[in-house]
Amino acid sequence: DRESLVRLLARQVERSLAPELVGVVVGTGAQQRVAGNADPYQIRRWWDLGREARMGHGLVSSPGSTSRPEQELRDFPDTLRQDGVVLVQGIGQDGKRVGAIMCGARPTGRRYVQQDLKLLAEFVAEAEEALARIVLVKAVASEGQERQRLDELNSLKNEFLAQVAHDLRTPLSSVTWSAANLRDGLAGELNEGQVRYVDTISSSTAHLNRLVDT
């Protein structure tokens, strides 16, 4: 899940790149998860500052923090730099920036070199695949729950219809039997008008019986 993902990412970045600070964020609102060696509130603040600065989906770094000047942003947010964050690697999903890995400088003062940045990009690629799997699993689970709910509703509907059919059969049988007896003259001879009424009753009960049996 996302909680495990951000923890794993933070641990791998801390072990592999050894920054003074590391914060990982994935998601927004109630679905947001954070991890790292900084205060969770602070990590969320870094994420919000990065979003306000519209830093994009890729890698953005503070001037002088890497061996790749072309990836360094001159207007890198001062608020992030003042907090010690010098490197922000976005995490994307469906073309949107849904998270980020944020790193501070190294205790040794050494810059992040190409190999470090490549490793960070590989971490992000794995994280994006994991997020896609999480979404897929949730969608499948949700679909299964919806299918189960529909099956239960269908079962309840069938039980209701079966009970209604059962409750209707006894009075319908009585009406059918009585109409047949009247038509046969067991209660006395019928005139032409009475015969038509009895025939209408018989026809209607036959129709109802067919509906009940289907």
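This is a predicted model, so every value here is computed, not measured.

Parameters and conventions
- Residues numbered from 1 in each chain as written.
- Predicted model: local features only at pLDDT ≥ 70, side-chain atom pairs only at ≥ 80, totals over all residues.
- Heavy atoms only, no water.
- Patch = residues over 30% accessible without salt bridge, like charges linked within 9 Å, V, L, I, M, F, W, Y side chains within 5 Å.
- Areas by Shrake-Rupley, 256 points an atom, 1.4 Å probe, with all protein chains shown as cover.
- Salt bridge = Lys/Arg side-chain N within 4 Å of Asp/Glu carboxyl O.
- Helix = DSSP H or I, 4+ residues; strand = E, 2+ residues; numbered from the N terminus.
- Buried < 20%, exposed > 50% of the residue type's maximum accessible area, 1.4 Å probe, protein only.
- Core = buried A, V, L, I, M, F, W, Y, C linked by side-chain atoms within 4.5 Å.
- Contact = heavy atoms within 4.5 Å.
- Pairing = 2+ DSSP bridges.
- Expected span 1.5 Å × (residues − 1).
- Polar contact = N/O pair within 3.5 Å; in protein donor to acceptor, adjacent residues only side chain to side chain.
- Axes fitted to C-alpha atoms, helices over the stretch in contact; angles between N-to-C directions.

Some points on a nonpolar patch on the surface
Taken together, Phe160, Leu161, Val164 and Leu168 make up a surface patch of nonpolar side chains, about 360 Å² in accessible area. Along the chain, the position of Phe160 falls in helix H4 (residues 114-183).

Some points on unusual backbone geometry
Even without being a glycine, Ala18 presents a positive backbone phi close to 50 degrees. For Ala18, the position within the fold is in the loop between helix H1 (2-17) and strand E1 (22-26). Among the residues examined, Ala18 registers a relative accessible area of 40% and is labelled partly exposed.

Topic: the pattern of salt bridges
Tallied over the entire structure, the rule returns seven salt bridges. Across the salt bridge formed by Glu3 and Arg7, the nearest N and O atoms sit 3.2 Å from each other. In this pair, Glu3 and Arg7 are both assigned in helix H1, four residues apart and thus about one turn of the helix distant. For Arg196, the salt bridge is made with Glu192, and the minimal N-O distance between the two is 3.5 Å. In this pair, Arg196 and Glu192 are both assigned in helix H5 (residues 192-213), four residues apart and thus about one turn of the helix distant. Pair check on accessibility: Arg196 and Glu192 agree, each one exposed. Among the charged side chains, a salt-bridge network with shared partners connects Glu3, Arg7 and Arg33.

Remarks on the nonpolar core
Counting 26 residues, the largest nonpolar core has Leu9, Val13, Leu87, Ile91 and Ile101 as the members making the most contacts within it. Within the residue set of this core, elements represented by two or more residues are H1, E1, strand E4 (85-93), strand E5 (96-104) and H4. It is H4 that provides the largest number of residues to this core, a total of eight residues. Not counting chain neighbours up to four residues away, the residues in contact with Leu87 comprise Leu59, Val60, Ser61, Thr66, Phe76, Ile101, Met102, Cys103, Tyr112, Leu117 and Leu120. Counting residues in hydrophobic clusters, the runner-up holds 14 residues, among them Ile43, Trp46, Val85 and Ala100.

Remarks on the pairing of strand E2 (residues 33-36)
In this structure, E1 lies alongside E2, joined through four bridges in antiparallel fashion. Among the inter-strand pairings, Val26 is bridged to a residue of E2, identified as Arg33.

Here we look at H5
The terminal C-alpha atoms of H5, which comprises 22 residues, lie 32 Å apart, in line with the 32 Å expected from a rise of 1.5 Å per residue. Where H5 begins, the capping side chain belongs to Asn191, and its oxygen is found 3.1 Å from the backbone nitrogen of Gly193.

A few points about the sheet that holds E5
Taking strand neighbours across the sheet as the criterion, the five strands line up as E2-E1-E5-E4-E3 in an open arrangement whose pairing is antiparallel. The open sheet has two edge strands with one neighbour each: E2 and strand E3 (59-61). Pairwise comparison of adjacent strand axes, ignoring direction, gives a mean angle of 15 degrees for this sheet. For E4 and E5, the ladder comprises eight bridges, and the chain directions are antiparallel. Along E5, the bridge assignment pairs Gly90 with Ala100. Packing against the sheet, helix H2 (residues 40-52) makes contact with E1, E2, E4 and E5, and its axis sits at approximately 120 degrees to E5.

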